[in-house]
2 protein chains.
Amino acid sequence: MEYYVGIDLGGTNIKAGVVTDTGEMINKKSIKTNAERPMEAIINDMGTLAKSVIEDAKLNLKDIKAIGIGSPGTPDNKEGILVYSNNLPFNMAPMRKLIREVVDLPVYIDNDANCAGMAEAVAGAAKGVKNSVTITLGTGIGAGVIVNGRIYSGFNQAGSEFGHTVLVSGGEPCSCGRKGCFEKYGSATALGRLTKEAADKNPDSKLNDVIKSEGKINAKIAFKAMRMGDEVAKEVVETYTDYLADGLANVINAFMPEVLVIGGGVCNEGDPLLIPLQEKTMSRPYFGPGVKKTVIKLAEMGNDAGIVGAAMMGKSCYDDGIQG
Amino acid sequence: MEYYVGIDLGGTNIKAGVVTDTGEMINKKSIKTNAERPMEAIINDMGTLAKSVIEDAKLNLKDIKAIGIGSPGTPDNKEGILVYSNNLPFNMAPMRKLIREVVDLPVYIDNDANCAGMAEAVAGAAKGVKNSVTITLGTGIGAGVIVNGRIYSGFNQAGSEFGHTVLVSGGEPCSCGRKGCFEKYGSATALGRLTKEAADKNPDSKLNDVIKSEGKINAKIAFKAMRMGDEVAKEVVETYTDYLADGLANVINAFMPEVLVIGGGVCNEGDPLLIPLQEKTMSRPYFGPGVKKTVIKLAEMGNDAGIVGAAMMGKSCYDDGIQG
């Protein structure tokens, strides 16, 4: 059996685990990132955590083929550095070099959303499929594109940023500097904003009652009020799924994945979200008669996507003979 | 020397030529498509034309490795058929089989916009670059995506349809059934529409004089009136380049090509179009500090893109050992 280590670097936690070559996770561990520290200290902890999960699995370094790291931001896997990250104090961070000082194994780096896509492609909803895209609806919108079983993110590893493609020209200002980006209309955050706007316009709606009882705006409120029969909430969900379907149809027209995987907490709403979303999305792309259609599926890897995806990204680089 | 035949199938003309393995065109010939005929007759003519350019080049069948066909619509290169085309009477057209009855060589089929991208990647503006996207601004917007030197168009060969990604949610109705597609705002046709709208609103503008003198709306009028100092025309060009830049920035954020090639008649306007377009486009994508940037270039292959691209697509399939 071949083993790999996956490290999932986040703003709050660093998670790591040993993963088999078929994407099965053997064990996992988590520590706090403490992101205010210098990057060298954080990277050192990542290496130590990797060492620790290898020991916990009763394995030796020689049993492990490679370490894969999934990180926010833009990596340079050739040079083994994290070029830049919005959320972490990493700037031209020499991850490969510093990790290898702690655990001397080939080290590969990719973006966390890309790794999530890899996890679904190897062991999740897009298992057995060569071309897939995984879209994660959260604070923003993440995307992981798999082409011929490999992560595709452009010549500079900064692509597949579907969250930052404009859907509503001149619309809501986005953190990236553009106006009307998909993530301002299709993310969980966007659903919260649409909920608040509708509640403000309709002070007597049940939507307002639910907001008051919850104490704050979140992505669940519109669905909850809709289940209570509130027409205003129904309208909010309708508007949200319309935008979301438009953005997903754009992804399909651009990449034509065999399977489009959707993940993120919003998906826990189940059928009231998914059935209309699937219908709306599939009616929009430009399939001609007789042309095979993309299938939309829910993400299956859950919280393990980060570790498994990072490990399997590492495997794909190792298999391709990339210098780690 | 290795040779390939490229066939460029269009609604008006069928063009074919012999091309070397480095993308140099040896000769070419053109005949009328007469698209109202049964598809069998058209495909037979394509085969005969291929045979004829081989003979004209004083070559034998054994000197030619493969025939590549660039066609409008969605092909199935595995089965050797054209599944469907909007503009031609082709429906599950068995191109490979029928062409091979006339010229018995491996036959490969791909979309014409994808072949144009291949031509630029092998011998044009993106020569020597592994990942590029070629966008052609015409009646609509065509796109050809090259990933690792190969055409990428998804699992069903129907992808890279950037012309049909929504840019203005709820905007202009598109032939594909969606509203607000990029090609309704960024194509040459769209520039004509913006020109007409502005002229109707400003009956005393020079823009109206130019339209009258030209006798009809086209994509050159706004630029012509702008060169005459007309403020209304300047505004039209400003609006058009804004939309175009937004769409091109979407392509960059999604695919992050090393080179983004722009082609089509509108590009003949030169610097008054290109300088603001380049500035606007490059200010929008989500490059972090230190991240390498896409370069925008003008298409170089002109009218030969179809033949050369089809031939080089054929070469790439032949090199990959695909059954032709």
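Refer to the structure presented above.
Residues numbered from 1 in each chain as written. Chains lettered and ligands numbered in written order. Predicted model: local features only at pLDDT ≥ 70, side-chain atom pairs only at ≥ 80, totals over all residues. Heavy atoms only, no water.

### With respect to the overall build of chain A
- Helix and strand counts for chain A stand at 10 helices and 13 strands.
- Here chain A has a C-alpha radius of gyration of 21 Å; the compact-globule value for 324 residues is 20 Å, and the two agree.
- C-alpha extents for chain A along the principal axes are approximately 65 × 50 × 35 Å.
- Taken over 324 residues, chain A has a buried fraction of 60%. (Helix = DSSP H or I, 4+ residues; strand = E, 2+ residues; numbered from the N terminus. Rg over C-alpha atoms; globule rule 2.2 N^0.38 Å. Buried < 20%, exposed > 50% of the residue type's maximum accessible area, 1.4 Å probe, protein only.)

### Re the sheet that holds strand β8 (residues 107-111) of chain B
All names here are of chain B.
- What the 5 strands build is an open sheet, ordered β3-β2-β1-β4-β8; its pairing is mixed. Two strands bound the open sheet, and with one partner strand each, they are β3 (25-32) and β8. Between one strand and the next, the sheet's axes are offset by a mean angle of 20 degrees, whatever the strand orientation.
- Pairing analysis gives 6 bridges linking strand β1 (residues 3-9) to strand β4 (residues 64-71), with the strands arranged parallel. Its bridge partner being in β4, Y3 is matched across the sheet by I64.
- Packed onto the sheet, helix α1 (residues 39-56) meets β1, β2 (13-20), β3 and β4 and runs at close to 35 degrees relative to β2.
- The sheet strands contacting helix α10 (residues 305-319) are β1, β2, β3, β4 and β8, and the helix crosses β1 at an angle near 125 degrees. (Pairing = 2+ DSSP bridges. Axes fitted to C-alpha atoms, helices over the stretch in contact; angles between N-to-C directions. Contact = heavy atoms within 4.5 Å.)

### Some words on the relation of the copies chain B and chain A
- Placing chain B over chain A gives an RMSD of 0.0 Å and needs a rotation angle of 180 degrees, together with 0.0 Å of translation along the axis. Seen this way, the second copy is the image of the first under a two-fold rotation axis.
- Residue by residue, 100% of the interface of chain B is reproduced at the interface of chain A, so both copies engage with the same surface. (Least-squares fit on C-alpha atoms with pLDDT ≥ 70 in both.)

### Description of the pattern of salt bridges
- The full count for this structure, using the stated rule, is 36 salt bridges over all chains.
- Between K97 of chain A and E101 of chain A there is a salt bridge whose closest N-O contact spans 3.5 Å. Note that K97 of chain A and E101 of chain A are positioned in helix α2 (residues 95-102) at a spacing of 4 residues, about one turn of the helix. Residue K97 of chain A shares its accessibility class with E101 of chain A, and that shared class is exposed.
- Measuring nitrogen to oxygen at the nearest pair gives 2.6 Å for the salt bridge that ties D242 of chain B to R284 of chain B. Taken as a pair, D242 of chain B in helix α8 (residues 231-255) and R284 of chain B in the loop between α9 (271-282) and β13 (295-298) lie far apart in primary sequence, 42 residues in all.
- R284 of chain B gets classed as buried once you look at its relative accessible area, which sits at 16%.
- Shared partners join several salt bridges into a network, and the residues in it are R178 of chain A together with E238, D242, D246, K280 and R284 of chain B. (Salt bridge = Lys/Arg side-chain N within 4 Å of Asp/Glu carboxyl O.)

### A look at the environment of G247 of chain B
- Its location among the elements puts G247 of chain B in helix α8.
- If sequence neighbours within four positions are ignored, G247 of chain B has contacts with L167 and F182 of chain B.

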